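Overview (structure and organization)
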Amino acid sequence: MKDTPLSNCERDFLLKAIEEKKRLDGRQTYDYRKIKISFGTDYGCCFVDLGQTRVMAQVSCELVAPKENRPNEGIMFFNIELSPMASPGFEQGRQSELSVKLNRQLERCLRNSKCIDTESLCVVSGEKVWQIRVDVHTLNNDGNLMDAASIAAITALCHFRRPDVSTQGQEVTVYSPEERDPIPLSIYHMPISVSFAFFQQGTYLLVDPCEREERVMDGLLVIAMNKHREICSIQSSGGIMLLKEQVMRCSKIAGVKVSEITELINEALLNDRKARKAGGKCGFAESMPQERITALKKDETPVEMTDVTETANGIIQKGEAAPQTYPELNYKLGYKACKKWDTVLWHSFKWPAGGDVVEISDSEEEEVVILNPEVPEKPK
Amino acid sequence: MAGLELLSDQGYRLDGRKATELRKLQARMGVFTQADGSAYLEQGNTKALAVVYGPHEMRGSRSRTLHDRAVINCQYSMATFSTAERKRRPHGDRKSTEMSLHLKQTFEAAVMTQLYPRSQIDIYVKILQSDGGNYSVCVNAATLAVIDAGIPMRDYVCACTVGFVDETPLADLCYAEESGGVSSLALALLPRGGQIALLQMDARLHQDHLETLIEAAMTACKGVSKVLDEVVRQHLQEASVLTGE
């Protein structure tokens, strides 16, 4: 099915907010959303939450014949599935543009950078090698699938353990996990991609765009780096024109972000290892938060309060300049009507110059600043 | 590839070029009569054909019409005989789709699509012989084809692939250099304003070298733009002589 189109009001609102360096969820320009990494019961299964974006990666392996031109290297296969579960706009089975883009970007980020030692995956040269398959499924799309997918893929690869094999001449014995402990893959470095969204022809840039921001962006720059400050891949997309300085600045920001994320991944892997050693329960079911209503508690929403005092003062100043009385409208205020209320003013309402009025509502919302010509009252 | 020295001590590459030297660029415009614009471009041993149809009415899905600008539709394909091993799937596989998307993105930035609302411009590029730098050669060929079709553009779009070996940037990579595991950067540039229409890099490169590499790519692209400009002027001269102006 088709995605609901974005209205012009919403688009203008988002762009205006971005011009004033404000984001919908209160983040700063270079802030990432909260990243949460959890693991499944099997080795190689990893869930990543980037804000509300949720992806799952699973690594599996299989013994196959190697490619003809590379007889002593293992095979890596990457696949990102955009399932309709994640977003109404994704269609099952069809290879949409986004799907091709994400797949190619993940391949370039992980395969071309040679983060995995493929030669260690060789069992019998020319005959049997391990084929490592990374499947990433998108579970919820709230923007920036690329970063979430890259974090999930590399974490799953670090978490994965392949079965141990031994060769006697031409015979290959694959040991099951009960017989011999499975061994981890040899990973050289962890490339992680960082996405930058550009707005207004490259004037404004945001890191980690959410879904709404992605819809209004002009273009995207994805830089994949590892913590050693090596750039593994850069890809610019969308019809934007960049300048060299912008690219350099983005690469510096990416370096900082990548080291933070790498630390987070290592911590998560360490915690998981400890949990498994201690024999604790681990898995997808355990990672879901226990939803028990024990108290009425809501998440705190960050509200911009820095200039509330100035704005309120400004309104009050203007209010004192031209007080007007509308006694005949008192009845509209319902039970709240009382003669001493002379003016009602919304906190974002511009004082009209000509003296016409306008909007009176009898709702009890907190934004209403009620003024008396003599004594300004604080909003409840 | 082990054993092949991509940059010798005297500063010569595998094909005898110096580090900043581009391959020989030859091009022809107006090769086909049926198409609105066409061009054939050779850069070293990489040969590409580009054909442009448009601007014309939106074909296919009417729903994709944009009310304020033209839609650019690109298709990239490689001839089955273009590579050393016969290509089994010339188009429709992921790499070709990705290339088509990149070409589309590059030209959306450069072509003045606001002049043709509700229409479509088709750009078809085919690689006849692939010897490295596929994307760059396609972009250069497509630029000439778009100019031949008379579609206004903001500037020439010039592209070049550069690699980084032994702390030196190598301009215009050939296939042997590309597959040697060298970090390669493909850049599409509008030379006059120095604006980057597309930037693509694979393989590991330390952040400190990024600036040098981008600089080298921009210089190489400016070199390409000079050659393309020559070709266009030459073609115009020939055409005006034929029409007797």
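Residues numbered from 1 in each chain as written. Chains lettered and ligands numbered in written order. Predicted model: local features only at pLDDT ≥ 70, side-chain atom pairs only at ≥ 80, totals over all residues. Heavy atoms only, no water.

A few words now on the interface of chain A and chain B. On the chain B side, the residues contacting the 36 residues of chain A number 32 residues. Between chain A and chain B lies a buried interface of about 3,200 Å² when both sides are counted; carbon and sulfur atoms form 52% of it. When the buried area of chain A at its contact with chain B is split by residue, A:Arg104, A:Met241 and A:Lys244 rank highest and sum to 21% of it. Remark: the boundary between chain A and chain B carries eight salt bridges. One salt bridge connects B:Glu215 with A:Lys244, and the closest N-O pair in it is separated by 2.5 Å. Applying the counting rule to chain A against chain B returns 18 residue pairs in polar contact (both at pLDDT 80 or more). Sorting the residues of the side of chain A that touches chain B by element identifies β4 (75-81), α2 (97-112), β14 (230-238) and α5 (244-277) of chain A as the ones contributing at least two each. In terms of residue count, the dominant contributor to the side of chain A that touches chain B is β14(A) (nine residues). Here the residues of the side of chain A that touches chain B are counted per class, giving twelve nonpolar, 15 polar and nine charged. Sheet topology places β14(A) next to strand β9 (residues 195-206) of chain B; five bridges connect them, and they run antiparallel. (Contact = heavy atoms within 4.5 Å. Buried area = accessible area lost by both parts, 1.4 Å probe. Salt bridge = Lys/Arg side-chain N within 4 Å of Asp/Glu carboxyl O. Polar contact = N/O pair within 3.5 Å; in protein donor to acceptor, adjacent residues only side chain to side chain. Helix = DSSP H or I, 4+ residues; strand = E, 2+ residues; numbered from the N terminus. Nonpolar A, V, L, I, M, F, W, Y, C, P; charged D, E, K, R; others polar. Pairing = 2+ DSSP bridges.)

All right, on to the UniProt feature "domain: Exoribonuclease phosphorolytic" (unreviewed entry) in chain B then. All names here are of chain B. With numbering aligned to this structure, UniProt lists the feature "domain: Exoribonuclease phosphorolytic" (unreviewed entry) at residues 21-152 and 155-219. End-to-end, the C-alpha atoms of residues 21-152 are 30 Å apart, and along that stretch the chain is 24% helix and 33% strand. Taken end to end, residues 155-219 has its terminal C-alpha atoms 16 Å apart, with 26% of it in helix and 49% in strand. (UniProt positions renumbered as here; feature names shortened; annotations may be inferred.)

Next up on the list: the UniProt feature "domain: Exoribonuclease phosphorolytic" (unreviewed entry) in chain A. Mapped onto this numbering, the UniProt entry gives "domain: Exoribonuclease phosphorolytic" (unreviewed entry) at residues 32-163 and 189-254 of chain A. The span residues 189-254 of chain A shows a helical share of 26% and a strand share of 42%, and its end C-alpha atoms are spaced 16 Å apart.

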